[in-house]
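# Reading the structure
Spelled out from the first residue to the last, the chains are:
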Amino acid sequence: MDPVGVAAAAPETGPGPAWQSKCPWGAPKNVVISCSLADVMSEQLAKELQLEEEKVAFPEVVTVAEGPFITGENTDTSSDLMLAQMLQMEFDREYDAQLRREEKKFNGDSKVSISFENYRKVHPYEDSDSSEDEVDWQDTRHDPYRADKPTTTPKKGFIGKGKEITTKHDEVVCGRKNTARMENFGPDFQVGDGIGMDLKLSNQVFNALKQHAYSEERRSARLHEKKEHSTAEKAVDPKTRLILYKMVNAGILETITGCISTGKESVVFHAYGGKTGVDDKAVPPECALKVFKTTLNEFKNRDKYIKDDYRFKDRFSKLNPRKVIRMWAEKEMHNLTRMQKAGIPCPEVVMLKKHILVMSFIGQDQVPAPKLKEVKLNSEDMKKAYYQILHMMQQLYKECSLVHADLSEYNMLWHDGKVWLIDVSQSVEPTHPHGLEFLFRDCRNVSQFFQKGGVSEAPNERELFNAVSGLNIAADNEVDFLAEIEALEKMNEDHVQKHGKKTSPFSSDGDPPIIYNE
Ligand code: ADP
Ligand code: MN
């Protein structure tokens, strides 16, 4: 499988600079066309000029193409797509700039202006994301790319005074206006070059054209949508590819080998670590890249984890959905860091870039460690695993001040004779308004798994809950137990309301409240 397109390879021969022959629209090789000397001369000249120009215009592209992607005998041409996308982005931006100039010229000093916003190539969303080292969280209140308020013809329907008056129905004015309005058709719509002339288009002709332009546009929008959807499914949209590509280019990663897992909310890739460390730390020899999906649907029902997490509370309401998704990646990073500090076996964070989390790979030689669900443990290992998990849950709760919130045999890997915890993007603090309920659910999963697995020492979920949290909830049935949990959560909420955040009254024996310093 080659989801990021970095493994495809094709031999490369022929003269000329490497990048030229790599360009999809580069000159075809070994094609002999008979033509006059003059033609050849002028073509060569044209090509030379073009090369000159491109060298100046796209220096980055050139260096990128010569980057470490092209290694050894496996000369890699898969960056072509990336290059094409980067170039396309450049062209689109240029087009937009031109469009803006035309918009300005078109509107002039007129009180009535027409916005060309809808015909921009680069969607404001993409554009706002274009700078990669931007600080993601601070700039969300003001959206500089928001479309101007559309203006309309004045209600009175005429301009001028007294004899000079011209109504909006005036034939000449109307005709000229119609001609000018042709520019408002989609950019792909051919309207000829009559725009510069003093053409007067009758309403009838204009309306027919408009109709046609719209239906054309809708058709192309549908196609576009389809394309977008299929890439989103793999979570590797052009932007993600670009980030991954840059990681390889920067030497942080050596190669991205393939996809380990495609989940609802994320796609995980395997990669070999590169030689360039991050923050003075060497990159692990094998890495896992968790790419959080930028399609939004799946995340809607996860709001509850993050919305009530006070750590993210202030930000949540102001963010656009794309940034909320990055917050999941950020959350996973913070949670893993806490766990690492407490010595809980879990992936080590290498770096976070937007919605992509790079961490150490649990497994070997591209084979991820099996989930507890998949591995067949003997009874001794099973027992060992249980006690280890009990200990990890306690550490997680007490030392990291976290509740996993999705703990089950699917998110525990068996590697090196022990259990590793993964998938902590949804983990919350115990003081989260539903934190204890999440903990109870985790306990139920763990308890059931080990009881079914024949570990006689494994207690039921209520006992496990008390053992992990240090609470003494006495109820002997689930309904009452959950009622008490909810009462505690409610009490905590009230406490938070009164005394501010970051404290917890959970402790039954008068211990100081849990305060976590990161
Ligand atoms: P999801 O939200 O899709 O469940 P996970 O973090 O659980 O995301 O990752 C999905 C799968 O990818 C895991 O079940 C595991 O097999 C694999 N995986 C994730 N992280 C790692 C890692 N650091 N090392 C090895 N495999 C991993
Ligand atoms: Mn998972």
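Refer to the structure presented above.
Reference entry: report on the structure contained in this document. (Residues numbered from 1 in each chain as written. Chains lettered and ligands numbered in written order. Predicted model: local features only at pLDDT ≥ 70, side-chain atom pairs only at ≥ 80, totals over all residues. Heavy atoms only, no water.)

## A closer look at the nonpolar core
Met339, Leu372, Ile389, Met393, Phe450 and Phe465 are the most contacted members of the largest nonpolar core, which totals 54 residues. Of all the elements in the fold, those that place two or more residues in this core are helix 11 (321-342), strand 7 (356-360), helix 12 (379-398), strand 10 (412-415), strand 11 (418-421), helix 13 (435-452), helix 14 (461-469) and helix 15 (478-499). In terms of residues, this core owes the most to one element, helix 12, which gives nine residues. When near neighbours in sequence (up to four residues on either side) are disregarded, isoleucine 389 contacts Leu372, Met412, Val419, Val446 and Phe450. Judged by nonpolar contacts, the second largest core, of 20 residues, contains Val236, Leu244, Ala271 and Ile356. (Core = buried A, V, L, I, M, F, W, Y, C linked by side-chain atoms within 4.5 Å. Buried < 20%, exposed > 50% of the residue type's maximum accessible area, 1.4 Å probe, protein only. Helix = DSSP H or I, 4+ residues; strand = E, 2+ residues; numbered from the N terminus. Contact = heavy atoms within 4.5 Å.)

## Observations concerning the site of ligand 1
For ligand 1, the set of nearby residues contains 16 residues, the closest of which are Lys290, Ser360, Ile362, Lys371 and Asp423. In this structure, an oxygen atom belonging to ligand 1 sits 3.0 Å away from a side-chain N or O atom of serine 266. Contact between ligand 1 and asparagine 411: an oxygen atom at 3.1 Å from a side-chain N or O atom of the residue. With the chains in place, 91% of the 540 Å² that ligand 1 exposes on its own is no longer accessible. At the level of secondary structure, the elements contributing two or more residues to the shell around ligand 1 comprise strand 4 (266-273), strand 5 (286-292) and strand 7. Taken together, the residues of the shell around ligand 1 break down into eight nonpolar, five polar and three charged. (Near = heavy atom within 4 Å. Polar contact = N/O pair within 3.5 Å; in protein donor to acceptor, adjacent residues only side chain to side chain. Areas by Shrake-Rupley, 256 points an atom, 1.4 Å probe, with all protein chains shown as cover. Nonpolar A, V, L, I, M, F, W, Y, C, P; charged D, E, K, R; others polar.)

## So, the coordination of the manganese ion (ligand 2)
Within the protein, Asn411 (OD1) and Asp423 (OD) serve as the donor atoms for the manganese ion (ligand 2), at 2.2 Å. With asparagine 411 in the loop between helix 12 and strand 10 and aspartate 423 in the loop between strand 11 and helix 13, the pair connects residues that are 12 residues apart, well separated along the chain. (Donors = N, O, S within 2.8 Å, 3.2 Å for Na, K, Ca; no water.)

## Observations concerning the pairing of strand 4
Side-chain positions along a regular strand alternate between the two faces of the sheet. Among the eight residues that make up strand 4, seven are buried, leaving the element largely enclosed by the rest of the structure. Bridging between strand 3 (residues 253-262) and strand 4 involves seven bridges; their strand directions are antiparallel. By the bridge assignment, threonine 262 is partnered in strand 4 with valine 267. The hairpin formed by strand 3 and strand 4 contains three residues between the paired strands. In the sheet, strand 4 pairs with strand 5 via seven bridges, with the strands oriented antiparallel. Bridging from a neighbouring strand, tyrosine 272 pairs with glutamate 286 of strand 5. (Pairing = 2+ DSSP bridges.)

## A look at helix 14
Among the nine residues of helix 14, seven are classified as buried, and the element is accordingly described as predominantly covered. When we look at burial in helix 14, the residues that qualify are Glu461, Arg462, Leu464, Phe465, Asn466, Val468 and Ser469. If you follow the buried residues of helix 14, they end up packed against helix 12, helix 13 and helix 15. The N-cap residue of helix 14 is asparagine 460: its side-chain oxygen and the backbone nitrogen of arginine 462 are 3.0 Å apart.

## Some thoughts on the packing of helix 14 against helix 15
One way to put it is that helix 14 packs onto helix 15 with a least axis distance of 11 Å and a crossing angle of 25°. Regarding the angle of helix 14 to helix 15, the classification is roughly parallel. Across from Glu461, Arg462, Phe465 and Asn466 in helix 14, the residues of helix 15 making contact are Glu478, Phe481 and Ile485. Residues belonging to the contact of helix 14 with helix 15 are distributed by class as follows: three nonpolar, one polar and three charged. (Axes fitted to C-alpha atoms, helices over the stretch in contact; angles between N-to-C directions. Parallel < 35°, antiparallel > 145°, perpendicular 65-115°, else oblique.)

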